[in-house]
Amino acid sequence: FIFMVPDHNSTDSESLFDGQKQILNALKCLFDILEKYRKGMDTYVVTVSRCGQVVFSEDIRPENSTVHGLALCMSLEYGRIFCRSIDIDESITIDELIDEASKNICEPKRVCLRDGKRYTGELKPVTVSNVSCNEKYFNKNKTYLVTGGTGALGGELVKFMSDEGCNVAIIG
(Lines give C-alpha, C1' and ligand atoms only; values in the text may rest on other atoms or scores of the structure.)
Protein backbone atom coordinates (compact mmCIF):
# COMPACT_ATOMS: atom_id res chain seq x y z
CA PHE A 1 0.00 0.00 0.00
CA ILE A 2 1.25 3.48 -0.80
CA PHE A 3 0.00 6.32 1.39
CA MET A 4 0.54 9.70 -0.29
CA VAL A 5 0.69 12.75 1.96
CA PRO A 6 -1.08 15.66 0.25
CA ASP A 7 0.59 19.07 0.19
CA HIS A 8 -0.92 21.74 2.40
CA ASN A 9 -1.57 24.93 0.51
CA SER A 10 -2.39 26.98 3.58
CA THR A 11 0.04 28.84 5.80
CA ASP A 12 -2.64 29.32 8.44
CA SER A 13 -1.56 27.25 11.47
CA GLU A 14 -5.12 26.20 12.32
CA SER A 15 -5.73 24.91 8.79
CA LEU A 16 -2.40 23.07 8.85
CA PHE A 17 -3.29 21.50 12.21
CA ASP A 18 -6.73 20.41 10.95
CA GLY A 19 -5.16 18.97 7.81
CA GLN A 20 -2.58 17.10 9.89
CA LYS A 21 -5.31 15.61 12.10
CA GLN A 22 -7.22 14.38 9.04
CA ILE A 23 -4.11 12.81 7.50
CA LEU A 24 -3.02 11.16 10.75
CA ASN A 25 -6.55 9.84 11.37
CA ALA A 26 -6.65 8.42 7.83
CA LEU A 27 -3.31 6.68 8.42
CA LYS A 28 -4.54 5.24 11.73
CA CYS A 29 -7.72 3.99 10.04
CA LEU A 30 -5.63 2.38 7.28
CA PHE A 31 -3.53 0.52 9.87
CA ASP A 32 -6.65 -0.58 11.79
CA ILE A 33 -8.28 -1.90 8.60
CA LEU A 34 -5.10 -3.69 7.52
CA GLU A 35 -4.76 -5.32 10.92
CA LYS A 36 -8.40 -6.44 10.93
CA TYR A 37 -8.60 -7.85 7.42
CA ARG A 38 -5.04 -9.07 6.85
CA LYS A 39 -4.55 -10.95 10.12
CA GLY A 40 -1.55 -13.22 9.99
CA MET A 41 -0.32 -11.74 6.70
CA ASP A 42 2.68 -9.47 6.28
CA THR A 43 1.57 -6.10 4.94
CA TYR A 44 3.80 -3.36 3.59
CA VAL A 45 2.98 0.35 3.73
CA VAL A 46 5.03 3.06 2.06
CA THR A 47 4.36 6.68 3.01
CA VAL A 48 5.29 9.29 0.43
CA SER A 49 5.54 13.04 0.93
CA ARG A 50 7.19 16.01 -0.70
CA CYS A 51 10.12 17.79 0.95
CA GLY A 52 9.40 16.70 4.54
CA GLN A 53 13.03 15.76 5.26
CA VAL A 54 16.16 17.88 5.06
CA VAL A 55 18.86 16.51 2.76
CA PHE A 56 20.68 19.73 1.91
CA SER A 57 19.62 23.25 2.80
CA GLU A 58 16.47 23.14 0.68
CA ASP A 59 13.12 24.51 1.78
CA ILE A 60 11.25 21.82 3.64
CA ARG A 61 7.65 21.19 4.57
CA PRO A 62 8.03 19.96 8.17
CA GLU A 63 4.30 19.27 8.41
CA ASN A 64 4.84 16.43 5.92
CA SER A 65 7.40 14.66 8.11
CA THR A 66 4.94 13.90 10.93
CA VAL A 67 3.21 11.22 8.87
CA HIS A 68 6.48 9.37 8.34
CA GLY A 69 7.28 9.37 12.04
CA LEU A 70 3.81 8.17 12.99
CA ALA A 71 3.80 5.42 10.37
CA LEU A 72 7.20 4.14 11.47
CA CYS A 73 6.06 4.10 15.12
CA MET A 74 2.74 2.47 14.25
CA SER A 75 4.53 -0.30 12.39
CA LEU A 76 6.11 -1.20 15.74
CA GLU A 77 2.66 -1.38 17.35
CA TYR A 78 1.05 -3.50 14.64
CA GLY A 79 2.96 -6.77 14.48
CA ARG A 80 2.76 -7.67 10.80
CA ILE A 81 2.59 -4.23 9.21
CA PHE A 82 5.95 -3.01 7.95
CA CYS A 83 6.49 0.59 6.97
CA ARG A 84 9.01 2.77 5.24
CA SER A 85 8.94 6.36 4.06
CA ILE A 86 9.96 8.03 0.84
CA ASP A 87 10.42 11.77 0.71
CA ILE A 88 10.55 13.27 -2.79
CA ASP A 89 11.16 16.60 -4.47
CA GLU A 90 9.49 18.01 -7.60
CA SER A 91 12.02 16.44 -9.98
CA ILE A 92 11.14 12.81 -9.19
CA THR A 93 9.13 10.98 -11.85
CA ILE A 94 6.36 8.50 -11.12
CA ASP A 95 8.57 5.71 -12.52
CA GLU A 96 11.36 6.58 -10.06
CA LEU A 97 8.85 6.64 -7.21
CA ILE A 98 7.37 3.26 -8.15
CA ASP A 99 10.85 1.78 -8.54
CA GLU A 100 11.82 2.98 -5.04
CA ALA A 101 8.52 1.90 -3.48
CA SER A 102 8.93 -1.62 -4.85
CA LYS A 103 12.36 -2.15 -3.27
CA ASN A 104 12.93 -4.12 -0.06
CA ILE A 105 10.47 -2.74 2.47
CA CYS A 106 12.59 -3.47 5.51
CA GLU A 107 15.74 -1.46 4.78
CA PRO A 108 16.23 1.43 4.78
CA LYS A 109 13.22 2.77 6.65
CA ARG A 110 13.65 6.32 5.32
CA VAL A 111 14.68 7.32 1.82
CA CYS A 112 14.91 10.78 0.27
CA LEU A 113 14.94 11.20 -3.50
CA ARG A 114 16.42 14.51 -4.66
CA ASP A 115 17.25 15.50 -8.26
CA GLY A 116 17.37 11.87 -9.35
CA LYS A 117 19.65 10.80 -6.49
CA ARG A 118 18.82 8.51 -3.56
CA TYR A 119 19.74 9.42 0.04
CA THR A 120 19.30 7.26 3.13
CA GLY A 121 20.08 7.74 6.78
CA GLU A 122 22.86 5.64 8.15
CA LEU A 123 23.92 4.75 11.66
CA LYS A 124 27.63 4.33 12.24
CA PRO A 125 29.49 3.23 15.35
CA VAL A 126 31.22 6.05 17.19
CA THR A 127 34.11 5.64 19.57
CA VAL A 128 34.46 7.96 22.53
CA SER A 129 37.70 9.37 21.09
CA ASN A 130 35.70 10.67 18.07
CA VAL A 131 33.31 12.67 20.24
CA SER A 132 34.25 16.08 21.55
CA CYS A 133 32.70 16.96 24.89
CA ASN A 134 33.44 20.64 24.28
CA GLU A 135 30.85 20.94 21.50
CA LYS A 136 27.65 22.82 22.26
CA TYR A 137 24.69 20.86 20.97
CA PHE A 138 21.90 23.19 22.04
CA ASN A 139 21.31 26.92 21.89
CA LYS A 140 20.37 28.31 25.31
CA ASN A 141 18.36 31.08 23.64
CA LYS A 142 15.91 28.65 22.08
CA THR A 143 13.12 26.44 23.36
CA TYR A 144 13.12 22.79 22.30
CA LEU A 145 9.99 20.67 21.91
CA VAL A 146 10.61 17.03 22.81
CA THR A 147 7.93 14.58 21.71
CA GLY A 148 7.81 11.22 23.46
CA GLY A 149 10.16 12.60 26.12
CA THR A 150 8.53 10.89 29.10
CA GLY A 151 10.32 7.54 28.69
CA ALA A 152 13.76 6.60 30.00
CA LEU A 153 15.75 7.80 26.97
CA GLY A 154 13.65 10.95 26.56
CA GLY A 155 13.97 11.67 30.27
CA GLU A 156 17.77 11.50 30.06
CA LEU A 157 17.80 13.75 27.00
CA VAL A 158 15.55 16.33 28.68
CA LYS A 159 17.70 16.23 31.84
CA PHE A 160 20.85 16.77 29.76
CA MET A 161 19.25 19.66 27.87
CA SER A 162 18.02 21.21 31.08
CA ASP A 163 21.48 20.89 32.66
CA GLU A 164 22.86 22.72 29.60
CA GLY A 165 20.46 25.61 30.40
CA CYS A 166 17.93 24.97 27.63
CA ASN A 167 14.22 25.66 27.81
CA VAL A 168 12.45 22.36 27.19
CA ALA A 169 8.79 21.58 26.52
CA ILE A 170 7.80 17.91 26.72
CA ILE A 171 4.91 16.17 25.02
CA GLY A 172 4.28 12.61 26.27
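Basis of the calculations
Residues numbered from 1 in each chain as written. Predicted model: local features only at pLDDT ≥ 70, side-chain atom pairs only at ≥ 80, totals over all residues. Heavy atoms only, no water. Helix = DSSP H or I, 4+ residues; strand = E, 2+ residues; numbered from the N terminus. Buried < 20%, exposed > 50% of the residue type's maximum accessible area, 1.4 Å probe, protein only. Patch = residues over 30% accessible without salt bridge, like charges linked within 9 Å, V, L, I, M, F, W, Y side chains within 5 Å. Areas by Shrake-Rupley, 256 points an atom, 1.4 Å probe, with all protein chains shown as cover. Salt bridge = Lys/Arg side-chain N within 4 Å of Asp/Glu carboxyl O. Phe/Tyr/Trp six-rings, centres within 6.5 Å; stacked < 30°, edge-to-face > 60°. Contact = heavy atoms within 4.5 Å. pLDDT = per-residue confidence, 0-100. Pairing = 2+ DSSP bridges. Arc of directions from axis to C-beta.

### What to know about unusual backbone geometry
The phi angle at Asp115 is positive, at roughly 50°, despite the residue not being glycine. Relative to the assigned elements, Asp115 resides in the loop between strand E4 (110-114) and strand E5 (117-120). Asp115 gets classed as exposed once you look at its relative accessible area, which sits at 61%.

### Topic: a nonpolar patch on the surface
Taken together, the side chains of Tyr137, Leu157 and Phe160 make up a nonpolar region of the molecular surface, amounting to roughly 290 Å² of accessible area. Tracing the chain through its elements places Tyr137 in the loop between E5 and strand E6 (143-147).

### Concerning the packing of aromatic side chains
Working definition: an aromatic ring pair is given by the centre-to-centre distance plus the angle between the planes. This model, assessed by the stated rule, comprises two aromatic pairs. Taking 5.5 Å as the distance between ring centres and 25° as the angle between the ring planes, the aromatic pair formed by Tyr44 and Phe82 counts as stacked. Taken together, the residues Tyr44 in strand E2 (residues 43-50) and Phe82 in strand E3 (residues 81-88) connect sequence positions 38 residues apart. Here Tyr44 falls in the partly exposed class, since its relative accessible area comes to 35%.

### Points about the pattern of salt bridges
Considering all chains together, one arrives at seven salt bridges under this definition. Here Glu100 ties to Arg84 by a salt bridge, and the two come within 2.6 Å at their closest N and O atoms. In this pair, Glu100 is assigned in helix H3 (residues 94-101) and Arg84 in strand E3, connecting sequence segments 16 residues apart. The same class applies to Glu100 as to Arg84, namely buried. When the shortest N-O distance is used, the salt bridge between Lys159 and Asp163 registers 3.4 Å. Here the residue Lys159 and the residue Asp163 both occupy positions in helix H4 (residues 152-163), the gap between them amounting to four residues, near one helical turn. Relative accessible area serves as the criterion here: at 47%, Lys159 is assigned to the partly exposed category.

### Section: the side chain of Thr47
Here Thr47 shows up in strand E2. Residue contacts for Thr47: discarding those within four places in its chain leaves Phe3, Val67, His68, Ala71, Cys83, Arg84, Ser85 and Ile86.

### A closer look at the confidence of the model for the protein
When pLDDT is averaged along the protein, the result is 77; 77% of the residues meet or exceed 70. Looking over the protein, one finds the lowest element-wise mean pLDDT in strand E1 (residues 2-4), namely 73, and the highest in H3, namely 88.

### Quick look at the pairing of E2
Buried residues dominate E2, accounting for six of its eight residues. Bridge count between E2 and E3: eight bridges; the pairing is parallel. Following the sheet pairing, Val45 is matched in E3 by Cys83.

### Re H3
Turning to H3, its buried residues are Leu97, Glu100 and Ala101. The buried residues of H3 all sit within an arc of 95° when viewed along its axis, so they share a single face. Where the residues of H3 are buried, they touch E1, E2, E3, E4 and E5.

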